[in-house]
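# Report on the structure
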Amino acid sequence: MITFAASRRLIVTTFAGIALAAPALAQAPEKPKLNFALSVDASSFTPAYVASVRTWKEQGLDTQFNIFRNDAEAAQALAGDSVDVTLQSFDGLLNLITANQPVIGFYAGFAQADFEWFAVASVKKWSDLKGQTVGVSSFGSLTDQLTQYSLRKNGLDPQKDVKLQQIGPSSAALAAMRSGRLGMGVLSAPFKWTAVEAGLTKLAVQKEEIAPKWPKHVFIAKKAFLDRNPNTIRALLRAHVAAIRLAKSDKEFTAKVLEEKLKFTPDHARREIGRAHV
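Residues numbered from 1 in each chain as written. Predicted model: local features only at pLDDT ≥ 70, side-chain atom pairs only at ≥ 80, totals over all residues. Heavy atoms only, no water.

## Structural notes on the overall build of the chain
Within the chain one finds eleven helices and ten strands. Expressed as a percentage of its 278 residues, the buried residues of the chain come to 56%. Of all intrachain contacts in the chain linking residues separated by at least 6 positions in sequence, the fraction that spans at least 24 positions is 78%. When the accessible surface of the chain is split by element, carbon and sulfur atoms take 51% of a total near 12000 Å². (Helix = DSSP H or I, 4+ residues; strand = E, 2+ residues; numbered from the N terminus. Buried < 20%, exposed > 50% of the residue type's maximum accessible area, 1.4 Å probe, protein only. Contact = heavy atoms within 4.5 Å. Areas by Shrake-Rupley, 256 points an atom, 1.4 Å probe, with all protein chains shown as cover.)

## Here's the deal with the environment of Ser179
Looking at where Ser179 falls in the secondary structure, it is placed in the loop between helix 5 (170-178) and strand 8 (184-187). When the C-alpha atoms of Ser179 and Val120 are compared, they prove to be 9.5 Å apart, with 59 residues separating the residues in sequence.

## Side note on the packing of helix 1 (residues 46-58) against helix 9 (residues 230-249)
Here helix 1 crosses helix 9 at 105°, and the two axes come no closer than 8 Å. Our classification of the angle between helix 1 and helix 9 gives roughly perpendicular. Residues Pro47, Val50, Ala51, Arg54, Thr55 and Trp56 of helix 1 touch helix 9, and the partners they reach there are Leu236, Ala239, His240, Ala242, Ala243, Ile244 and Leu246. (Axes fitted to C-alpha atoms, helices over the stretch in contact; angles between N-to-C directions. Parallel < 35°, antiparallel > 145°, perpendicular 65-115°, else oblique.)

## A short note on the packing of aromatic side chains
According to the stated counting rule, one finds seven aromatic pairs in the structure shown. Judged by centre distance (5.7 Å) and plane angle (70°), the rings of Tyr49 and Phe65 are edge-to-face. Here Phe65 lies in strand 2 (residues 64-67) and Tyr49 lies in helix 1, a separation of 16 residues in the sequence. Using a relative accessible area of 1% as the deciding quantity, one classes Tyr49 as buried. Their ring planes at 65° and their centres at 6.2 Å tell us that Tyr107 and Phe219 sit as a pair that is edge-to-face. Of this pair, Tyr107 sits in strand 4 (residues 103-107) while Phe219 sits in strand 10 (residues 217-222), and the two are 112 residues apart along the sequence. When sorted by exposure, Tyr107 lands in the same class as Phe219, which is buried. Chaining the aromatic ring pairs together yields one cluster made of Phe36, Tyr49, Trp56, Phe65, Phe106, Tyr107 and Phe219. In this arrangement the basic side chain of Arg54 is found over the ring face of Phe253, its NZ or CZ atom lying 4.3 Å from the centre. Over the face of the ring belonging to Phe115 we find Lys216, whose NZ or CZ atom lies 4.0 Å from the ring centre. (Phe/Tyr/Trp six-rings, centres within 6.5 Å; stacked < 30°, edge-to-face > 60°. Lys NZ or Arg CZ within 6 Å of the ring centre and 35° of its normal.)

## With respect to the nonpolar core
The biggest cluster of nonpolar side chains holds 38 residues, and the ones touching the most others in it are Phe36, Val85, Leu87, Phe106, Phe219 and Leu236. When residues in this core are grouped by element, the largest group, eight residues, is from helix 9. Contact partners of Phe36, with chain neighbours within four places excluded, come to Ala48, Trp56, Thr63, Gln64, Phe65, Asn66, Val85, Leu87, Phe219 and Leu236. Membership of the second largest hydrophobic core comes to 31 residues, among which are Phe115, Trp117, Phe118 and Val123. (Core = buried A, V, L, I, M, F, W, Y, C linked by side-chain atoms within 4.5 Å.)

## Notes on helix 4 (residues 142-153)
Within an α-helix, residues lying three or four positions from one another point in the same direction, as the helix has 3.6 residues per turn. Between the first and last C-alpha of helix 4 there are 16 Å, a value that for twelve residues agrees with the 16 Å anticipated at 1.5 Å per step. The set of residues buried in helix 4 consists of Leu142, Thr143, Asp144, Leu146, Thr147, Gln148, Ser150 and Leu151. Positive phi shows up at Gly155, right after helix 4, with a value of about 85°. (Expected span 1.5 Å × (residues − 1).)

## Points about the pairing of strand 10
Judged by how many residues are buried, strand 10 sits mostly within the fold: six of six residues are covered. Side chains His217, Phe219 and Ala221 project from strand 10 onto one buried face, and the interleaved Val218, Ile220 and Lys222 project onto a second face that is buried too. Looking at chain direction, strand 3 (residues 85-89) and strand 10 are connected through five bridges and run antiparallel. Of the residues in strand 10, the one forming a bridge with Ser89 is His217. As judged from the four bridges shared by strand 4 and strand 10, these two strands associate in the antiparallel manner. Looking at strand 10, one finds that Val103 is bridged to Lys222. (Pairing = 2+ DSSP bridges.)

## Section: the confidence of the model for the chain
The pLDDT averaged across the chain works out to 90; a share of 90% of its residues lies at or above 70. In the model, residues 1-24 has pLDDT below 50 throughout and makes 71 contacts with residues more than four positions away in sequence or in other chains. (pLDDT = per-residue confidence, 0-100.)

## What about the pairing of strand 9 (residues 201-205)?
When you tally the buried positions in strand 9, you get four out of five residues, the bulk of the element. Pairing between strand 5 (residues 116-119) and strand 9: four bridges, direction antiparallel. Within the sheet, the bridge partner assigned to Ala119 lies in strand 9 and is Thr201.

Dropping the structure here:
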C-alpha cells in the first residue's frame, strides 16, 4: 500500500519550513542539474517517480535520477559526493551520522508499514527458520533492523539461529526464495503479491508485527550542500509536494508511472494505487 502525505514535519533542521514558499517568491535553483538518488526501487517512493516524470521540470530542475540496490550504496554515494541528495531510510541517516558524516535529514512524510515477511513453502512458522538463510536488503538497513526485531519477537536469535544475508531489493529476495537460495525474505509490492501466487508462506505483515505506521524515508544531504543551495532544495521540496498532490488527484497517471518506472503490470499498478492512502 502506498501511504504518503504532504507532511511538513521536520527531522533535524527547520530548513524545510521555508522550502514551500509561494511560487511567486521562488528564486531560480542555484544548481538546476541536481544529482538525486533513491536507496532502492520501491513503490513507497512513488512521489519521487511522479516528480521525475513531471514536477521536477516544473520547478526548474534538470535532475539526474539514480537508483541503488540498498541503503548502504546510497549512503556511500552521498558520503563520496557522487550524489547531492538521497531519499532513503532513517536507518541510513543514523548510519551516516554514526560514521561522522556531516549530513542532515531535512524532510520526511513517508509513513508506510508495507513490508511482509515470506518464507519458502517448507517453512510454516517462525521456529522452522532455524538453520535457514534470511535475506535483508543490506546490513544496517531498515529491513535488517525490522527483520532482526521480528526474529527475536518470535523466539529466534538472529546471530545464532539463522544466517543473515544481504540480498538487495524485494525482486532479488523473491527470486532467491523461488530458487531455494533463501529461506525467508522481506517483500514489498508487487513482489509480496507474486509470492502469494507462487505458494510461499506469509509469516508476518509489518502493520501487525511491528506497527500500523512506520517512519520509512527521509531526504538527506550534506549540510554544506544545503547551505550553498537553499533555492535548489526549496524547488526540490515544492516538486515533491506537487507530486504528492498529483498522485492523489490523478491515480490513472500515477498507475502509468508505476508501470513505466517500476515495471508493474497494469493490474499490480492499479491494485497498488487503489489501496493507496495519500
